[in-house]
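What the coordinates show
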Amino acid sequence: MLEFRTVSQISGPLLFVENVENAGYNEVVEITLPNGEKKSGQVLDTRKGLAIVQVFGPTTGIDLPNTTVRFKGDIVRIPVSDEMLGRIFDGLGNPRDGGGPLLSKERQEIVGYAINPYSREEPAEFIQTGISAIDGMNTLVRGQKLPIFSGSGLPHNDIAAQIARQSKVLGEGENFAVVFAAMGITNEEAHFFINDFRNTGAFERTVMFLNLASDPSMERILTPRMALTAAEFLAFERDLHVLVILTDMTNYCEALREISASREEVPGRRGYPGYMYTDLSTIYERAGKIKGKKGSVTQFPILTMPGDDITHPIPDLTGYITEGQIVLSRDLFHKNIYPPIDVLLSLSRLMNQGIGKGKTREDHRGVADQLYSAYARGRDLRNLSAIVGEGALTPEDRQFLKFADEFEKRFIGQGRDEDRSITETLDLGWELFAMIPETELKRVKKEFIERYGRRFRQ
Amino acid sequence: MGVVYRVSGPVVIAKDVENAKMFDVVYVGEERLIGEIIRIIGNNSTIQVYEDTSGLRPGEPVVNTSKPLSVELGPGLLRSIYDGIQRPLPVLKEKSGEFIRRGVFANALDEKAEWEFVPSVKPGDTVNSGSIIGYVQESQIIKTRIMVPYGIRGAVKDIYSGKFTVNDTVGIVNTTNGEIKLTMKEYWSVRFPRPYKEKLPPQIPMITGQRVIDTFFTIAKGGTACVIGPFGSGKTVIQHQLAKWSDTDVVVYVGCGERGNEMTEVLVTFPELIDPKTKGPLMDRTVLIANTSNMPVAAREASVYTAITIAEYFRDMGYDVSLMADSTSRWAEAMREISGRLEEMPGEEGYPAYLSRRLAEFYERAGRVVTLNDQLGSVTVVGAVSPPGGDTSEPVSQGTLRLTKVFWALDASLANRRHFPSVNWLASYSLYHSTIKEWFEKNISKEWNMMRDRAMAILQQEEELQQIVQLVGPDALPDKERIILDTAKMLREDYLQQSAFDDVDTYCSLKKQHMMLKTILNYHDLSLKFVSSGVSLKSILGMKVRERISRMKEIREEMIAEIENINREMEDEFKSLGVA
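None of the values given here were measured: they were computed from a predicted structure.

All names here are of chain A. For helix α3 (residues 187-199), spanning 13 residues, the distance from its first C-alpha to its last is 18 Å, which sits close to the expected 18 Å at 1.5 Å a residue. If you check which residues of α3 are buried, you get A190, F193, I194, D196 and F197. Buried residues of α3, seen end-on, are gathered within an arc of 165° and therefore sit on one face of the element. Facing away from the buried side of α3, by more than 90 degrees, are the exposed residues E188 and N199. Residues of α3 that are buried make contact with β9 (87-90), α2 (156-166), β15 (176-185) and β16 (206-212). Looking one or two residues past α3, G201 carries a phi angle of roughly 80°, positive in sign.

Structure representation (structure tokens):
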């Protein structure tokens, strides 16, 4: 290992180290400050005679003449083992819970390799979250990446915790684990999750990586990769079904922008770097199932849309990579509906693989489509009646208007601890269909109306 | 031998690379990562590397292959799945496990597989570049025709028949430069279009079985189309539907910077599907290229060229080929990322100034041609564009719209209410209608073009009427206009909407499209006629046959005569309403 005391320039989080012959790209370095304090960093650009190093954490106290930089000859790795479960680490993978370091010889690169598309197994197992708006209309399957698009002040944490608590695959035992990565969230939010996992007994099956709002933003770049490396280990080497919660991806993207700006790169939209799509994909694409392996990685990233704007680059690029999205609505939140999921904007791309006969129920697709179309019609009519008055609507239109209200209250709305089975969810759909004329039920097959809907219609 | 001087992400600068020429393929570092020379300044070659460069150090060796980035063409392409630089993914899996590691080399064509070669020339025949010397029956439906590689002409000295691998000699040609041995394999540099004799105007529609496309926004064989839409609007589903049901002989599907699970879906579903035209498995005519978003960005840039070169190869055998590229935006972003690393002066939104030239070069490789061996072949290109925030004023959308003749505008508001395919009928267009008009008149019906125009007119009138309804409510409209609203709703829900996931509705033949459209227009005419003779609108809206019409799409192809019955029932029910 080589040590250098040749820092020639410090610019933002970047150190320029001279006379370095052959630093490896992405190689890890250890920086020793004049006062003996140690920091870590990573090589971002290397050439004969110069290495540009990105420092994790603040650069306070780093000087030119006395700071030493040691190149460790390897890229970033973390130790992985079964002992990770029940532990809390910081954003760089060091213990944060007062416990000792992990005793494991196995250290894995945190930059994950892409899963060969040919090795992937198609995600097709239905995960019952107990939340009707998700199970019924935006079904989650094992190995999917389904983000929550939220806004500041909306109850995304409650929903994520409820999903972590209630998720189960029908007819299977408890070989699951939760990996939780916090990026720039507040101490209070982190405690909410820790307490929730403790109270429900899930803590022993959880690995937490916490980079809080007060921690260095540069570390945020590594935190999700640490978490996903741990998740891949648990899933593909220990056969567990891992649910990964990443929150808040907006903070991650801001850290990415900060580094890009300090490297004086050409900015893309709203100052975010042009490679943000590729960068995010190296996080999100680490969800999935692999042929011949028992475990799976399911991702639940959370992001807050700045200004509730779904066209902002962060939700936009995320939506292009993930397999759908769950969008929260401020309107529903103000109406006191929990969870305030706007089903029209939400989507699960893998839903079809996970539902239907033998998986959920044969009428699932039809019920979901019918709920969408009837609710969309009701919402349109709501806008219309705001202008022309309810009196100008036809009686049939008024039925749809009423349907939309009831649908929001009873189908979307449910308790924070209410765990609905998929049968309850679908039957609730049929119960609501009783409010609209049978001739309008075009999206469901006739035989299903007889089999599942008849008993709710007088 | 060259050595690495600088590493910055996928861009590497090397010194002293032997005989460095632009676009030479090089092996970089101890791990022999594959790269391509994209700039030469003095002694320094800039290389874009197709694999992750983590751990690469200055001083490591760089070896020049002195060959441009090429694809291997020959029997064995069909049913394959490749990465962006034509490495077969199943072989990568064998060599490096479930994850794609660095520095793995794999031949594109299986060198051990033996193919039955049937010659079609005899000794003494004169052959030219592109001449067909024989074929391999590669699948039930596709004969891979073996052609003389470009630049070779002369007299056949020897030609063999029997089982050969792609490296075995199957013939010998006497040329002015001496004897040349021919194998079934040839190489082509991906950045150069393959030659042809002549380009012809596209005059035959490519039938996709998707009603909104075939009826309203038709694409021609050899034409170009773009499908533009924000995330969740169904771009990928449309591309998959085209790959499944297009009536072309060969389909090349490139997943460029998209999701891994989507490629898996193709791999799982295609082998189970049957081509409605040939009744063979769909996979037998398909070549897949998967360079997912997290695979190296430089290989993503190359993937589109790899795909179109393979498409041109099958075109040159005289086949109709369609190429689906999902998504060209990710390809453009790969260009932007590499351009940024090269510190080039950026154009609009950080994209390189040569973006629109590259787009044009790509779409110009589509076309219906007379091949070098005097056959007719075509490459149809359908590119998906994913505009940031759904805003089509961005450079990739705009650059593409200037080039493609068909535009399918996907609409988030339609998608949100689950109107699929979410092709907006007011914003989309096809410029092929005038050239393929005659084909429809000859093959479907004389009235086809008129019917389409009428249906479109009703949809346009609806849009205008909706604006009035928004102000005064539907009750204020006269009955005639309410009938227009009613028919337009029928067109939207019972004709334009089509479920890709329904066993029957996923594919709709032109014949069925014609019958369905005729029924709806017939209904429209009768409604107008009866309402003007005094029948109440309410009794028309309460007719039983309306439900039968709404379920026409569920009728199986072999039962479509049933639609005639619906027409009869409809006429009877109208008569039972009284007057007219």
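On to the state of the cysteines, then. Residues and elements named next belong to chain B. Enumeration according to the criterion identifies 0 disulfides over all chains in this entry. Among the cysteines around C226, which has no disulfide bond, C256 carries the closest sulfur, lying 16 Å off. Taking the relative accessible area as the measure of exposure, C226 reaches 0% and is therefore buried.

Let us look at the pairing of strand β12 (residues 143-147) of chain B. Residue and element names in this part refer to chain B. Pairing analysis gives 5 bridges linking strand β11 (residues 132-137) to β12, with the strands arranged antiparallel. From the neighbouring strand, I132 faces β12, where its bridge partner is M147. In sequence, β11 turns back onto β12 through a hairpin of 5 residues.

It is worth spelling out the packing of aromatic side chains at this point. Residues and elements named next belong to chain A. In the structure shown here, the tally under the stated rule is 29 aromatic pairs over all chains. Between W430 and F433, the aromatic rings sit 5.4 Å apart at their centres with planes inclined by 90°, giving edge-to-face as the arrangement. Of this pair, W430 and F433 both sit in helix α12 (residues 422-433), 3 residues apart, which is roughly one turn of the helix. Residue W430 is classed as buried on the basis of its relative accessible area, which comes to 1%. On the basis of relative accessible area, F433 is assigned to the buried category, the value being 0%. Members of the aromatic cluster, each reached through a chain of ring pairs, are Y375, F403, F407, F411, W430 and F433. The lysine or arginine in question, R198, covers the ring of F203, its NZ or CZ lying 4.2 Å from the ring centre.

In this complex, chain B contributes 77 residues to the contact, which on the side of chain A involves 81 residues. Applying the counting criterion to the chain B and chain A interface returns 6 salt bridges. Across the pair K442 of chain A and D494 of chain B runs a salt bridge, and its minimum N-O distance is 3.9 Å. In this assembly, chain B and chain A are joined by 35 residue pairs in polar contact (both at pLDDT 80 or more). Among the secondary structure elements, those contributing two or more residues to the side of chain B that touches chain A are β1 (2-8), α1 (89-96), α4 (260-269), α5 (297-316), α6 (328-341), α11 (448-472), α12 (479-496) and α15 (545-550) of chain B. With 8 residues, α4 of chain B is the largest single contributor of residues to the side of chain B that touches chain A. Residue composition of the side of chain B that touches chain A, grouped by class: 26 nonpolar, 23 polar and 28 charged. As defined by bridge partners, strand β5 (residues 38-47) of chain A adjoins β1 of chain B across 2 bridges and the pair is classed as antiparallel. In the sheet register, T46 of chain A faces β1 of chain B, and the bridge partner there is V7 of chain B.

With that settled, consider the side chain of S81 of chain A. Residues and elements named next belong to chain A. Note that S81 resides in the loop between β8 (77-79) and β9. Residue classification places S81 among the buried residues on the basis of a relative accessible area of 10%. Among the polar contacts listed, one links the side chain of S81 to the backbone nitrogen of E83, at a separation of 3.1 Å.

The next subject is the domain arrangement of chain A. How large an interface is tends to be reported as the accessible area lost when its parts come together. Residue and element names in this part refer to chain A. Along its sequence, chain A is organised into domain 1 (2-74), domain 2 (78-354) and domain 3 (364-457). For domain 1 versus domain 2, the separation of C-alpha centres amounts to 31 Å. Every contact between the two is made by 11 residues of domain 1 and, on the other side, 8 residues of domain 2. Contact between domain 1 and domain 2 buries roughly 800 Å² in total, counting both sides, with carbon and sulfur atoms accounting for 69%. Across the domain 1-domain 2 interface, the total number found is 0 salt bridges. Those elements that place two or more of their residues in the side of domain 1 that touches domain 2 are β5 and β6 (50-55). If one sorts the elements of the side of domain 1 that touches domain 2 by residue count, β5 sits on top with 3 residues.

Moving on to the environment of A164 of chain A. All names here are of chain A. Mapped onto the secondary structure, A164 falls in helix α2. Here the alpha-carbon distance between A164 and V179, two residues 15 residues apart in the chain, equals 10 Å. With residues up to four places along the chain from it excluded, the contact list for A164 reads F197, L243 and I245.

Residues and elements named next belong to chain B. Taking strand neighbours across the sheet as the criterion, the 4 strands line up as β10-β13-β15-β16 in an open arrangement whose pairing is antiparallel. Each having just a single partner strand, β10 (126-127) and β16 (178-182) make up the two edges of the open sheet. Across 2 bridges, the pairing between β10 and strand β13 (residues 154-159) is antiparallel. The residue bridging V127 from the neighbouring strand is G154, located in β13.

Attention now goes to the sheet that holds strand β14 (residues 162-164) of chain B. Residue and element names in this part refer to chain B. Pairing is antiparallel across the open sheet formed by 4 strands, whose spatial order is β12-β11-β9-β14. Strand pairing shows two members of the sheet lacking a second neighbour, β12 and β14, which therefore form its edges. When the angles between neighbouring strand axes are averaged without regard to direction, this sheet yields 40°.

Turning our attention to the domain arrangement of chain B. Residue and element names in this part refer to chain B. Taken as a whole, chain B is organised into domain 1 (2-68), domain 2 (115-184), domain 3 (198-232 + 245-269 + 281-411 + 418-433) and domain 4 (448-577). The gap between the C-alpha centroids of domain 3 and domain 4 is 33 Å. Across the boundary between the two partners, domain 3 contributes 17 residues, which contact 22 residues of domain 4. Three residues, R211, F216 and W425, lead the burial of domain 3 against domain 4; their summed loss comes to 40% of the area buried on that side. Where domain 3 touches domain 4, the interface holds 1 salt bridge. Where R211 meets D505, a salt bridge forms, and the shortest distance between an N and an O atom there is 3.1 Å.

Generally speaking, a soluble globular protein has its nonpolar side chains buried in company with each other. Within the largest apolar cluster, 159 residues are counted, with the highest numbers of intra-cluster contacts made by F407 of chain A together with W408 of chain B. Element by element, the count of residues in this core is highest for helix α13 (residues 510-532) of chain B, at 10 residues. L73, W188, L342 and A366 of chain B belong to the second largest nonpolar core, which has 79 residues in total.

This part takes up the pairing of strand β4 (residues 33-41) of chain B. Residues and elements named next belong to chain B. Of the pairings in the sheet, the one linking strand β3 (residues 24-28) to β4 comprises 4 bridges and is antiparallel in character. If you follow V28 over to β4, its bridge partner there is L33. Two successive antiparallel strands, β3 and β4, enclose a turn made up of 4 residues, where G29 displays a positive phi of approximately 80°. Where β4 folds back on strand β5 (residues 44-49), the antiparallel hairpin that results is connected by 2 residues, among which G42 adopts a positive phi of roughly 55°.

Basis of the calculations
- Residues numbered from 1 in each chain as written.
- Chains lettered and ligands numbered in written order.
- Predicted model: local features only at pLDDT ≥ 70, side-chain atom pairs only at ≥ 80, totals over all residues.
- Heavy atoms only, no water.
- Helix = DSSP H or I, 4+ residues; strand = E, 2+ residues; numbered from the N terminus.
- Expected span 1.5 Å × (residues − 1).
- Buried < 20%, exposed > 50% of the residue type's maximum accessible area, 1.4 Å probe, protein only.
- Arc of directions from axis to C-beta.
- Contact = heavy atoms within 4.5 Å.
- Disulfide = S-S within 2.5 Å.
- Pairing = 2+ DSSP bridges.
- Phe/Tyr/Trp six-rings, centres within 6.5 Å; stacked < 30°, edge-to-face > 60°.
- Lys NZ or Arg CZ within 6 Å of the ring centre and 35° of its normal.
- Salt bridge = Lys/Arg side-chain N within 4 Å of Asp/Glu carboxyl O.
- Polar contact = N/O pair within 3.5 Å; in protein donor to acceptor, adjacent residues only side chain to side chain.
- Nonpolar A, V, L, I, M, F, W, Y, C, P; charged D, E, K, R; others polar.
- Domains from an automatic or database assignment.
- Buried area = accessible area lost by both parts, 1.4 Å probe.
- Axes fitted to C-alpha atoms, helices over the stretch in contact; angles between N-to-C directions.
- Core = buried A, V, L, I, M, F, W, Y, C linked by side-chain atoms within 4.5 Å.

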